[in-house]
Amino acid sequence: MLRHCVQSAKRQQGGGLRWCSSLASSSVDHNSDGRQSHHQKAAAAAHHQFTKRHFGISRHPDPLAKHGSINAVDDDDDIADSGVAARVTADDLEYGEIGEANAMSLQMKAMSSAWQDGNNDNGDDDDGSDLFDSSDFGRGGDDDGDDDMDEDPADAEFHARQQQIKEELDQRTGRLWTDEWIIPEEEWLSNKTWDDIEEWKPQLATRKSLESVKVFEGGVPTLQQLSELDLPPSLSVHPGHGSPKQYATHRKKHIKSRLKMAIQLSIHDDLQKILQMESWSDKQEAVDALFEVIEDRVREREPVLGKQPEFGAMVENGLEQVLRMVQGRMRGAASKVDDASDDAAEDSDNTDGEKAAANEDNKDDVLNVVGEETAVPVFMDVANVKNAPNSAFLTKSNDSGIPNLIYPLNVHHREGVGRMVEEWELAANKETRRIMMRDATKAIASKIVDATNCCDSSVSDSEKGAARVLVTGKRGVGKTAALAGIVASARVSGHIVVYLPDGDRLRRHGFYIEPCNHRKGLYNLPMIAQEFCEQLLTSHGDDINKMTASEETMKEFLTNDQIKKVFKKANDDEEESEVEMPLTLDKLLNVGSESSSLSSGCYLSVISTLMNQTEKPFTIVADEFNCYYDHGHYFHMDYDEDVKKAIPLNKISIFKPFMDAMGLYPTIAGNDISRDDAVDASQAMMKWGS
């Protein structure tokens, strides 16, 4: 631009000069009047086809400049009839191809006339050295300093808006606004690596993030406390899961709820004024005025819902419902005031101040149309339990940081169990292990408490019962988290819990299977039974060290020779005359964990004893329960001579007790799980527990 101004000034003062093009191969001669000849225009147009530099496009865009699309128009585009002005390029300006009425041409003429009027009195060469001495340079103004080029109102509004935004940004404070964005020299020269960065700690969390997370005060609630928590309801079923009508009903209900809330917030101040009016006509006029403005007010609060096709009718219906609700509350408040006045007449000590306070309370109840605060999710922290169970083991954590309160849940060395453990490993706060308590978790706890009466210390044996709960849901909805929360809550409540978190592994990787010689038609998994004995002894050894297994119970699962071996191993250092009869459950589990040949009988004897006692509630939690009804992975020629049919899992001794207790049998063709040899569910259930 500066080059064009200098050349234009020289042309006006020196007559027919030659324009100096920035292109090495191009030069165009102009006449004294600044016009081009016909062949000069043709040469310029030919050169313009190869080189086009759009005027006004900078390599360094202004961050405060207007945003808009750059319309690149080619030479062969026909825009004459469209009414769209062609974009002026640097080549057009250089070769004089702009019209007489073009704004840039007018500005160039005004600047040229200003320079042409000036006199060079000091005798200096006419090289444009005094070009920048004029105070009117760049403004296209006259000698009197008047600005002939008024700023466009749209540009003035845009610049004012940009200045306003800049001032607003400068006034903002807090993180990311007042922090230094300049990296000092010492930081550039330092040799810090990623490992040198400070680790995250709870003190770095913001106040907002801490307020948005609500953790149960005692760490883990009991089953009774869990069943009474105020938790948000579960979301509706996704329409892609086969229930579109159910989701549509939920969505309509949600929209009505949001509209009702927006209406209530929009008319709250107006309701206060209406309730203070005494004339019925004034109230009616105020209500009519509300109907005139309510749609615009609600649209401002809910701009997305405001695009609904029947938004106006929905808002009017919602406003009518809110006003009817307020009217009903007014009638109820009036009846309460009458009752209070009658009581006040009988009680002479009731002062006028107390009456006024009662009236104000009634008015607050009427105006409280927004309702109670919505419930928020609550987390339990299984790593920080205040009301810890009796077992010292359950108060600690393993080497991986998984709390023993949900033992044996852990990360499997090959497959892993649940993604919840993985989330704990990726969490920034390593001092907590939280599980969100949802409406489904509360429902499970409620069924257990209602059926078992397990949280009442004074409950009689006749009032003790058992609960049977089946948890279903799509993959990834949180079944593992819900069951882990129930395990933690049950153990805090004093339950003895058998937790089987990996049903898919148990039904496939039992190492080997063998027939049960004492119980025909059943099969044992010695290695899995040995693992179960060790887990139950580790988690609840302190709870069962005073419970004993009767000899009749042991004879149901062990032969006489096996019983003698169990007694011998349990009292290895004692004489036969000093052998304790009967054995405690912890000793039975200890023998089962050390001997694979006795593990199945010892484990089943302990499970049978726990299911038929009423001293402590007993709970079995089996995750991945559907895997027990899938095609089996255990084969034996005792079951099928051709070894082609898999053994059903309800015929495996360690799985049979809780599968019989649930009483679920598939009806799908080809599944061998049946009611044959199964114990009735009412008899198979424990006497006290779930």
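Just so it is clear, the structure is predicted and the values come from calculations on it, not from any experiment.

### Looking at the pattern of salt bridges
Pairing is possible between side chains of opposite charge, provided their charged atoms come close.
Piece 1. Under the criterion given, the structure shown has 15 salt bridges.
Piece 2. A salt bridge links Arg507 to Asp504, with the nearest nitrogen and oxygen atoms 2.8 Å apart.
Piece 3. In this structure Arg507 comes out as buried when scored by relative accessible area, which is 10%.
Piece 4. For the salt bridge of Lys656 with Asp660, the shortest nitrogen-to-oxygen distance reads 3.0 Å. With Lys656 and Asp660 both in helix α23 (residues 656-662), this residue pair falls four residues apart, about one helical turn.
Piece 5. Among the ionic contacts, a cluster of salt bridges with common partners joins Asp504, Arg507, Arg508 and Asp630.

### Comments concerning the packing of aromatic side chains
Piece 1. On inspection of all chains with the given rule, the structure shows nine aromatic pairs.
Piece 2. A centroid spacing of 6.4 Å and a plane angle of 80° characterise the contact between Tyr523 and Tyr639, whose relative ring orientation is edge-to-face. Taken together, the residues Tyr523 in strand β8 (residues 523-524) and Tyr639 in the loop between β9 (618-622) and α23 connect sequence positions 116 residues apart.
Piece 3. Taking 5.6 Å as the distance between ring centres and 70° as the angle between the ring planes, the aromatic pair formed by Tyr628 and Phe658 counts as edge-to-face. Of this pair, Tyr628 sits in the loop between β9 and α23 while Phe658 is found in helix α23, placing the two residues 30 residues apart along the sequence.
Piece 4. Owing to a relative accessible area of 8%, Phe658 belongs among the buried residues under this scheme.
Piece 5. One cation-aromatic arrangement involves Lys464 over Trp688; the distance from NZ or CZ to the ring centre is 3.9 Å.

### A look at the sheet that holds strand β5 (residues 434-437)
Strand pairs in the sheet, formed through backbone hydrogen bonds, run parallel or antiparallel to each other.
Piece 1. The three strands lie next to each other as β3-β4-β5, forming an open sheet whose pairing is mixed. Of all the strands in the sheet, the pair left with one neighbour each is β3 (214-215) and β5.
Piece 2. Where β3 meets strand β4 (residues 378-381), two bridges bridge the pair, whose relative direction is parallel. Within β4, the residue paired with Val215 across the bridge is Phe379.

### Some thoughts on the nonpolar core
Piece 1. In terms of nonpolar packing, the biggest core is built from 56 residues, with Tyr628 and Phe655 touching the most fellow members.
Piece 2. Contributing elements (two or more residues each) for this core: β6 (496-500), α18 (526-540), α19 (551-557), α20 (560-570), α21 (585-594), α22 (599-611), β9 and α23.
Piece 3. Looking at this core element by element, the count peaks at seven residues for α22.
Piece 4. Setting aside chain neighbours within four positions, we find Phe655 in contact with Leu506, Leu525, Tyr628 and Leu649.

The rules behind each value
Residues numbered from 1 in each chain as written. Predicted model: local features only at pLDDT ≥ 70, side-chain atom pairs only at ≥ 80, totals over all residues. Heavy atoms only, no water. Salt bridge = Lys/Arg side-chain N within 4 Å of Asp/Glu carboxyl O. Buried < 20%, exposed > 50% of the residue type's maximum accessible area, 1.4 Å probe, protein only. Helix = DSSP H or I, 4+ residues; strand = E, 2+ residues; numbered from the N terminus. Phe/Tyr/Trp six-rings, centres within 6.5 Å; stacked < 30°, edge-to-face > 60°. Lys NZ or Arg CZ within 6 Å of the ring centre and 35° of its normal. Pairing = 2+ DSSP bridges. Core = buried A, V, L, I, M, F, W, Y, C linked by side-chain atoms within 4.5 Å. Contact = heavy atoms within 4.5 Å.

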